[in-house]
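Residues per chain, in single letters:
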Amino acid sequence: MIAMNNRITHPQPMHPHGVTGRLFGRLMEWGNRASYDRCLELLQPQPTDTILEIGFGTGRLLCDLAESTPLGMVAGIDPSALMLEIASKRLNGKGGMHDLQLGKADRLPWQSSMFDHVAALHCFQFWADPVATLMEANRVLKREGQLVLILRDHENNRDRSWLPNPWSRHPQETAAAVTLLQRAGFTSIIRHPNVGSSHVITARKPG
Ligand SMILES: C[S@@+](CC[C@H](N)C(=O)[O-])C[C@H]1O[C@@H](n2cnc3c(N)ncnc32)[C@H](O)[C@@H]1O
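Residues numbered from 1 in each chain as written. Predicted model: local features only at pLDDT ≥ 70, side-chain atom pairs only at ≥ 80, totals over all residues. Heavy atoms only, no water.

> Would you mind showing me how to read the packing of aromatic side chains here?
A complete count under the given rule lists 3 aromatic pairs for this structure. Measuring from ring centre to ring centre gives 5.8 Å for W110 and F115, while their planes differ by 85°; the resulting arrangement is edge-to-face. Summarising the aromatic geometry, the rings of F124 and W127 are spaced 5.6 Å apart at their centres and angled 65° between planes, so their arrangement reads as edge-to-face. Judged by relative accessible area, F124 falls into the buried class, the value being 1%. (Phe/Tyr/Trp six-rings, centres within 6.5 Å; stacked < 30°, edge-to-face > 60°. Buried < 20%, exposed > 50% of the residue type's maximum accessible area, 1.4 Å probe, protein only.)

> Even after reading the chapter, I still don't get the sheet that holds strand β7 (residues 141-151), so can you show me in this structure?
The pairing of strands in a sheet happens through backbone hydrogen bonds and is either parallel or antiparallel. As summarised here, the arrangement of the 7 strands in space is β5-β4-β3-β6-β7-β9-β8, forming an open sheet in which the pairing is mixed. Here the strands that pair on one side only, and so sit at the sheet edges, are β5 (97-102) and β8 (187-195). On average, each strand axis in the sheet is tilted by 15° relative to the strand beside it, whichever way the strands run. With 6 bridges joining them, β7 and strand β9 (residues 198-204) adopt antiparallel strand pairing. Within β9, the position partnered with L151 by the bridge is H199. Sheet strands in contact with helix α3 (residues 60-68) are β3 (50-54), β4 (73-78), β5 and β6 (115-121), and its direction is about 165° off that of β4. (Pairing = 2+ DSSP bridges. Helix = DSSP H or I, 4+ residues; strand = E, 2+ residues; numbered from the N terminus. Axes fitted to C-alpha atoms, helices over the stretch in contact; angles between N-to-C directions. Contact = heavy atoms within 4.5 Å.)

> I tried to follow the layout of surface pockets on my own but got confused; where do I start?
Volume-wise, the largest pocket comes out at about 750 Å³. In terms of lining, the largest pocket is formed by 41 residues, of which the most central are P13, M14, H122, C123 and F126. Mapped onto the lining of the largest pocket, the elements with two or more residues apiece are α1 (18-31), β3 and β4. Within the lining of the largest pocket, the residues separate by chemical class into 21 nonpolar, 12 polar and 8 charged. (1 Å grid on protein atoms, 1.4 Å probe; cavity = no way out; pocket = protein on both sides within 12 Å on 5 of 7 lines; lining within 4 Å. Points joined across faces, edges and corners; volume = space filled by probe spheres on them. Nonpolar A, V, L, I, M, F, W, Y, C, P; charged D, E, K, R; others polar.)

> Would you take a moment to explain the nonpolar core for this structure?
Taken as a class, soluble globular proteins show a tendency for nonpolar side chains to be buried jointly. One finds L52, I54, V118, W127 and F186 to be the most contacted residues of the largest nonpolar core, which totals 33 residues. Residues in contact with W127, not counting those within four places in the same chain, are I54, A105, A120, T133, L134, L149, P164 and N165. Judged by nonpolar contacts, the second largest core, of 26 residues, contains M28, F56, A87 and A119. (Core = buried A, V, L, I, M, F, W, Y, C linked by side-chain atoms within 4.5 Å.)

> What should I look at first to understand the site of the ligand in this one?
For the ligand, the set of nearby residues contains 21 residues, the closest of which are Y36, G55, D78, L121 and H122. Contact with the protein chains covers 97% of the free accessible surface of the ligand, which is 600 Å². More than half of the atoms of the ligand fall within 2 Å of the grid points belonging to the largest pocket. For the shell around the ligand, the class distribution of residues is 13 nonpolar, 5 polar and 3 charged. (Near = heavy atom within 4 Å. Areas by Shrake-Rupley, 256 points an atom, 1.4 Å probe, with all protein chains shown as cover. Sits in = over half its atoms within 2 Å of the grid points.)

> Explanation requested: the pattern of salt bridges in the structure shown.
One side chain can pair with another of opposite charge once the charged atoms of both are near each other. Within this structure, the stated rule accounts for 8 salt bridges. Among the ionic pairs, R38 bridges to E41, the shortest N-O distance being 3.9 Å. You can see R38 and its partner E41 sitting in helix α2 (residues 33-43), 3 residues apart, about one turn around the helix. The exposure class assigned to R38 is buried, which follows from its relative accessible area of 19%. Looking at E41, the relative accessible area reads 51%, which means it is exposed. Residue E136 pairs with R139 through a salt bridge whose shortest N-O separation is 2.8 Å. Residue E136 and its partner R139 are both found in helix α5 (residues 130-140); the two are separated by 3 residues, about one turn of the helix. The network of salt bridges with shared partners includes R22, E85 and K89. (Salt bridge = Lys/Arg side-chain N within 4 Å of Asp/Glu carboxyl O.)

> How should I be thinking about the pairing of β8 in this particular structure?
For a regular strand, the rule is simple: side chains alternate between the two faces of the sheet. In the sheet, β8 pairs with β9 via 5 bridges, with the strands oriented antiparallel. Considered in β9, the bridge of V195 is made with S198.

Right under this line is the structure:
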């Protein structure tokens, strides 16, 4: 968070907002295309699947997921009102049911064991309490449901001090994420080859 003229403002990647946020959203979507494609490959969505995306941004991945799940549901949570507005408009009329919510991922407003898959791309670094957030993801997954976690690479960044997730400020962020996934109750944790400079991890809720 940055304080300007007595107003608290968040960096754009953490909370896209205003005119700059619209532009940032377009750039982010363009830059993250390969991650959306990798996520789809890993999820292999089926027509009746229920899928949650944490930190959905402009909703590009949600649209692809919705088109693959005409008899299922896509849901999402993001604290940015601008991202909610953009993603909701894009998703309108696509696929099966939708449920997009404004909020943070450490308290998911869905009942337990609802989703076949949960995806979280490039937002791990914004979770102030990553274990609580991963436990929430675990709670809403069905048994043997899969989480796809894609992490922006911060390991060589000079300034990580502003990131809310203490483990994203750590030089071994990805290894820490694996440990946190175990702590949150996940099994079958796999580190996949990077997509660009992003780290890719999948994990499952035990059966
Ligand atoms: C860098 S963007 C990535 C967006 C999209 N997942 C992508 O890869 O293109 C991070 C997104 O996470 C959202 N976000 C930030 N903190 C969050 C939190 N605590 N819970 C859920 N989403 C969060 C932001 O509003 C933003 O839309």
